[in-house]
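# Observations on the model geometry
So you can see what is in the structure, the chains are spelled out below.
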Amino acid sequence: MLKCITVLNKLIKKNYERVSILKGQIHAFKVFDKNLVLDVGSGSLFEVDNTAYEILKLLEEGYSEEETISKLRRIFNLEEIKETIEEIKQLIEKGLIFVKADIDSALEKIKGENRVKALCLNVAHDCNLRCRYCFASKGDYNLKRNIMPRIVGEKAVDFILKNSGNLKNLEIDFFGGEPLLAYDTVKHVVDYARSQEKNYNKKINFTITTNAVLLNDEKIHYLHENMDNIVMSLDGRKEINDRMRVRLNDKGSYDEILPKIKKMVELRVRDKKSYYIRGTFTRYNLDFAEDVKHLSDLGFSEISIEPVLAKGEDYEIREEDLNIIYTQYEKIAEEYLLRKNTNKKFRFYHFNIDIYRGPCVYKRLIACGAGREYFAVTPEGDIYPCHQFVGLEEFKMGNVFDGKLDEKIMEKFKNTHVFAKKDCIECWAKFFCSGGCSANNYKRRDDLNTPDKVFCNMQKKRIEYALYLNLQNASEMERKNILC
């Protein structure tokens, strides 16, 4: 009975030098009517019977073959247990499970050349709302309220074009505060970028994130024509939105922005252009599945409801809230399946994982690329690793007017990959969450490489439902390729 564990030890010693035996190599979990097993290294997903599920679950937890048989023989037939273990061995020998992820070349790539792929332009350090949970200190990031001058926008465009290496497709995101307070700057940056990108053989894609208050027919038309993606903020039900997303006079924003958002969405849907509605849930709406349903009922099919980023506030998400939150993700998955073939179908941002054509290992190790490929620029031209680090003096990396970046800070962010995070090395979810958001880690745990457990657990639950929904949406050919 030691043959199986011997084979596993040999395979793991050869292929998994960075992790201990079995830990983090498979993940067995249940969603609704299915027993699923994820092979972490390959990303393969297996649907298994009850016997195989219980065996693999024990192997995941570190039990030996002998211990596994001893624990399960009171539940399953001994011969059935042995046959299943033999099948697992065959999968291992065929290289279908406990597969090595090729991370060495990806880690080398991370250490390699510096290229700027995306910029977040904080064109307005000001806002016409005073959202109570705003991470940007009501729009000014604890800096002075300011609008980005056109020349700063031009220098930012020059910076990304000159420092993008051999990358052809680049991205500029207009952010704030509220970027439509700097509408003239937005238009100027788009025009300038279009006039310059051809000289570098590049293509810049534009995204804007807006609270929608300033949208009117002229702005709706312009943004629709010029933005590759438009993100509009709405937390869900009126009473939920208006508790947190308020005007300067403390009145809610729902009634004012909803007709404008609907008008924009109608255009985006008509012309098959990207958008999504982005909301935030707090302790005040732990029933946020109702907000997802509300947004879907309004006719919005691209929906994101994110947990609030907060520490020490009465509305922050706490560990004792997790079971309620897990139930909400289950309800969202159920609603997704109920509506998928109706005119109320929707996509939930956190379930948008593609196990068939997902990102390469390199992208899975380092997440968004903050501080390496992705940077934020303030109205004064100062450069930070991303918009959530703006205002933290220790993370100021340079300025677009001199075009230089602080190499020490860049090196620090190069070492935020999942294998630099001790809590992530043995985690089954590492290639899906990439170690979590560096800004979130820093703000909640005072360290870039120490993920917050509450957010980790939420993320893992979302990933389980996302994997399940991948199976429900897969074609027959894809299922044959990925399922045991």
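Residues numbered from 1 in each chain as written. Predicted model: local features only at pLDDT ≥ 70, side-chain atom pairs only at ≥ 80, totals over all residues. Heavy atoms only, no water.

For the bond running from Gly176 to Gly177, omega is 15 degrees, close enough to zero to count as cis. With respect to the helices, strands and loops of the structure, Gly177 is situated in the loop between strand 7 (169-175) and helix 7 (183-197). Phi at Asp250 takes a positive value of approximately 75 degrees, unusual for a residue other than glycine. Positionally, Asp250 belongs in the loop between helix 9 (238-244) and helix 10 (254-270). Here the phi dihedral of Ser434 falls at roughly 60 degrees; this positive angle occurs in a residue that is not glycine. Relative to the helices and strands, Ser434 is located in the loop between helix 15 (430-433) and helix 16 (438-445). (Helix = DSSP H or I, 4+ residues; strand = E, 2+ residues; numbered from the N terminus.)

This part takes up the sheet that holds strand 1 (residues 26-31). Taken in spatial order, the three strands of this open sheet run 1-2-3, and their pairing is antiparallel. Looking at which strands have only one partner, the edges of the open sheet turn out to be strand 1 and strand 3 (45-47). Neighbour-to-neighbour, the strand axes of this sheet turn through a mean angle of 25 degrees, independent of strand direction. As judged from the six bridges shared by strand 1 and strand 2 (residues 34-39), these two strands associate in the antiparallel manner. The residue bridging Val31 from the neighbouring strand is Lys34, located in strand 2. Sitting on the sheet, helix 2 (residues 50-60) is in contact with strand 1 and strand 2, with an inclination near 135 degrees to strand 1. (Pairing = 2+ DSSP bridges. Axes fitted to C-alpha atoms, helices over the stretch in contact; angles between N-to-C directions. Contact = heavy atoms within 4.5 Å.)

Tallied over the full model, the rule gives 19 aromatic pairs. A ring pair is formed by Phe135 and Tyr141, whose centres lie 6.0 Å apart and whose planes are at 80 degrees; its orientation type is edge-to-face. The class for Phe135 is partly exposed, based on a relative accessible area of 30%. Take Tyr141: its relative accessible area is 3%, and that puts it in the buried class. Ring centres 6.0 Å apart and planes at 85 degrees place the aromatic pair Tyr336 and Phe346 in the edge-to-face group. Here the residue Tyr336 occupies a position in helix 12 (residues 322-339), and Phe346 occupies one in the loop between helix 12 and strand 12 (347-348), the gap between them amounting to ten residues. Given a relative accessible area of 14%, Tyr336 falls into the buried group. Among the aromatic residues, those joined into a ring-pair cluster are Phe32, Phe281, Phe288, Tyr329, Phe348, Phe351, Tyr465 and Tyr468. For the cation-ring pair, Lys430 lies above Phe431, with the distance from its terminal atom to the ring centre recorded as 5.4 Å. (Phe/Tyr/Trp six-rings, centres within 6.5 Å; stacked < 30°, edge-to-face > 60°. Buried < 20%, exposed > 50% of the residue type's maximum accessible area, 1.4 Å probe, protein only. Lys NZ or Arg CZ within 6 Å of the ring centre and 35° of its normal.)

Leu121, Phe174 and Tyr329 are the most contacted members of the largest nonpolar core, which totals 129 residues. Looking at this core, the element that brings in the most residues is helix 17 (residues 453-473), giving ten residues. What Tyr329 contacts, discounting residues up to four positions off in sequence, is Phe281, Phe288, Phe348, Phe351, Met458, Lys461, Arg462 and Tyr465. Core analysis: the second largest hydrophobic core is formed by 21 residues, Val37, Ala52, Leu91 and Ile92 among them. (Core = buried A, V, L, I, M, F, W, Y, C linked by side-chain atoms within 4.5 Å.)

Here we take up the environment of Gly371. Looking at the secondary structure, you find Gly371 in the loop between helix 13 (361-366) and strand 13 (374-377). According to the relative accessible area criterion, Gly371 is buried, its value standing at 0%. Counting along the chain gives 35 residues from Gly371 to Asp406, while the straight-line C-alpha distance between them is 9.8 Å. If we ignore the near neighbours within four places in the chain, the residues touching Gly371 are Pro385, Met397, Met410 and Phe413.

On to the pairing of strand 2. Across the six residues of strand 2, six count as buried, placing the element largely inside the fold. Here strand 2 shows a buried face lined by Lys34, Leu36 and Leu38 and a second buried face lined by Asn35, Val37 and Asp39. The loop that links strand 1 with its antiparallel partner strand 2 comprises two residues; one of these, Phe32, has a positive phi angle of about 50 degrees. In the sheet, strand 2 pairs with strand 3 via three bridges, with the strands oriented antiparallel. Across the sheet, the residue bridging to Val37 is Phe46, located in strand 3.

To continue, consider helix 4 (residues 78-93). In this model helix 4 runs 23 Å from its N-terminal to its C-terminal C-alpha over 16 residues, within 8% of the 22 Å that 1.5 Å per residue would give. For helix 4, the full list of buried residues reads Ile81, Thr84, Ile85, Ile88, Lys89, Leu91 and Ile92. In a view along the axis of helix 4, the buried residues occupy a sector of 160 degrees, so they form one face of it. For helix 4, the exposed residues set more than 90 degrees away from the buried face come down to Glu87 and Glu93. Taking the backbone nitrogen of Glu79 as reference, a side-chain oxygen 2.8 Å away marks Asn77 as the first, capping residue of helix 4. Within two residues after helix 4, Gly95 carries a phi angle of roughly 75 degrees, on the positive side. (Expected span 1.5 Å × (residues − 1). Arc of directions from axis to C-beta. Polar contact = N/O pair within 3.5 Å; in protein donor to acceptor, adjacent residues only side chain to side chain.)

Any functional reading would require information that these geometric values do not contain.
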